[in-house]
Amino acid sequence: MRPFAENWLIVAMQNLNESLAAGWGRGVIDCGMAMSASARSRVSAVDEERMREVFEFTARSLKTPRPIPFGALIVDTRTGERLMRATNAVMRESDPSAHAETRTVRLACKKLKRPSLAGFTMYSTCEPCPMCMANALWARLDRVVFGATIEDANRFTVQIHISAKEVARRSDMPCLVEGPVLRELCVTLFTHPNMQKAFRTWTTSKFKSAKS
């Protein structure tokens, strides 16, 4: 029997392929889901492989009492060797700063025993919020590659509407921000039935905000 994450990945990819075959991708351009030609040229097959890895890692949580759509992975930019990965733990740790990206940076820096992650790349299932992107910049990460966008996440949770690329553009610290990569696949982390149910208990949920 295949592991849960593998089965979920297969189903998600099948749904994505069926949508593209039916011509869904043509409508994507109108709603901003498509990536520019120049952005596509910078995203490699390795980037997609790493995004699938962090997707599978994050998808494991969907079968737990605390499902999470936000996961991050930090790898050596040159070798691709994994350094650290983590998921959002805001609810579990009662810490509003415990986003997947900030937790992964913290754990990675502790592992290396230094505050700089120069020479490393971070992959995130969702575009980093301004807090997380600023943290990535202070950590001196080489690149940040994301899956779903802030707009995608905003369908389910409240967000700060400043793109990761805009935060990086206004920084003195250089960091290449690329994405979305495998956007439709990463969005399935948000639309999974278990995640939809869990969102109703989140303090940042759009469901809860609508009732307020």
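Residues numbered from 1 in each chain as written. Predicted model: local features only at pLDDT ≥ 70, side-chain atom pairs only at ≥ 80, totals over all residues. Heavy atoms only, no water.

S.K.: Mind showing me how you'd approach the pairing of strand E1 (residues 71-76) here?
M.R.: If a strand is regular, its side chains alternate between the two faces of the sheet. Among the 6 residues of E1, 6 are classified as buried, and the element is accordingly described as predominantly covered. Burial along E1 is two-sided: Gly71, Leu73 and Val75 facing one way and Ala72, Ile74 and Asp76 facing the other are all buried. As paired elements, E1 and strand E2 (residues 82-87) share 5 bridges and run antiparallel to each other. Considered in E2, the bridge of Gly71 is made with Thr87. The hairpin turn running from E1 into E2, its antiparallel successor, is 5 residues long, and Gly80 in that turn takes a positive phi close to 80°. By the bridge criterion, 5 bridges tie E1 to strand E3 (residues 120-126) in an arrangement that is antiparallel. Counted as the bridge partner of Ile74 is Met122 from E3. (Buried < 20%, exposed > 50% of the residue type's maximum accessible area, 1.4 Å probe, protein only. Helix = DSSP H or I, 4+ residues; strand = E, 2+ residues; numbered from the N terminus. Pairing = 2+ DSSP bridges.)

S.K.: Help me out: how do you make sense of the side chain of Arg183 in this one?
M.R.: Within the secondary structure, Arg183 sits in helix H10 (residues 183-191). Judged by relative accessible area, which is 8%, Arg183 ranks as buried. At a separation of 3.2 Å, a polar atom in the side chain of Arg183 contacts the side chain of Thr149. (Polar contact = N/O pair within 3.5 Å; in protein donor to acceptor, adjacent residues only side chain to side chain.)

S.K.: Would you take a moment to explain the packing of aromatic side chains for this structure?
M.R.: Given two aromatic rings, one states the distance between the centres and the angle between the planes to describe the pair. In total, this model carries 6 aromatic pairs according to the counting rule given. Look at Phe70 and Phe190: their rings are 5.3 Å apart centre to centre, the planes differ by 85°, and that puts the pair in the edge-to-face class. Of this pair, Phe70 sits in the loop between helix H4 (45-59) and E1 while Phe190 sits in helix H10, and the two are 120 residues apart along the sequence. Judged by centre distance (5.5 Å) and plane angle (5°), the ring pair of Phe156 and Phe199 falls under stacked. With Phe156 in the loop between helix H8 (150-153) and helix H9 (164-169) and Phe199 in helix H11 (residues 193-199), the pair connects residues that are 43 residues apart, well separated along the chain. (Phe/Tyr/Trp six-rings, centres within 6.5 Å; stacked < 30°, edge-to-face > 60°.)

S.K.: Would you explain the environment of Arg114 in this entry?
M.R.: Relative to the elements of secondary structure, Arg114 occurs in the loop between helix H6 (100-112) and E3. It is 9.6 Å that separates the C-alpha atoms of Arg114 and Ala139, two residues lying 25 residues apart in sequence. Look past the residues within four positions of Arg114 in its chain and what remains in contact with it is Cys109 and Phe120. A polar contact is formed between the side chain of Arg114 and the backbone oxygen of Ser116, at a distance of 2.9 Å. (Contact = heavy atoms within 4.5 Å.)

S.K.: Is there a simple way to explain the state of the cysteines in this structure?
M.R.: Counting across every chain of the model gives 0 disulfides. Cysteine Cys129 remains unbridged, with the sulfur of Cys132 as its closest cysteine sulfur at 3.7 Å. (Disulfide = S-S within 2.5 Å.)

S.K.: In this structure, what is going on with the pattern of salt bridges? I would like to understand it.
M.R.: Pairs can form between side chains of opposite charge whenever their charged atoms are close. Inspection of every chain in the model, using the stated rule, returns 9 salt bridges. Among the salt bridges present, the one from Asp152 reaches Arg183, with a minimum N-O distance of 2.7 Å. Of this pair, Asp152 sits in helix H8 while Arg183 sits in helix H10, and the two are 31 residues apart along the sequence. On the accessibility criterion, Asp152 (5% relative accessible area) is buried. In this structure, the salt-bridge partner of Glu166 is Arg170, at a minimum N-O distance of 2.6 Å. In this structure Glu166 comes out as partly exposed when scored by relative accessible area, which is 22%. (Salt bridge = Lys/Arg side-chain N within 4 Å of Asp/Glu carboxyl O.)

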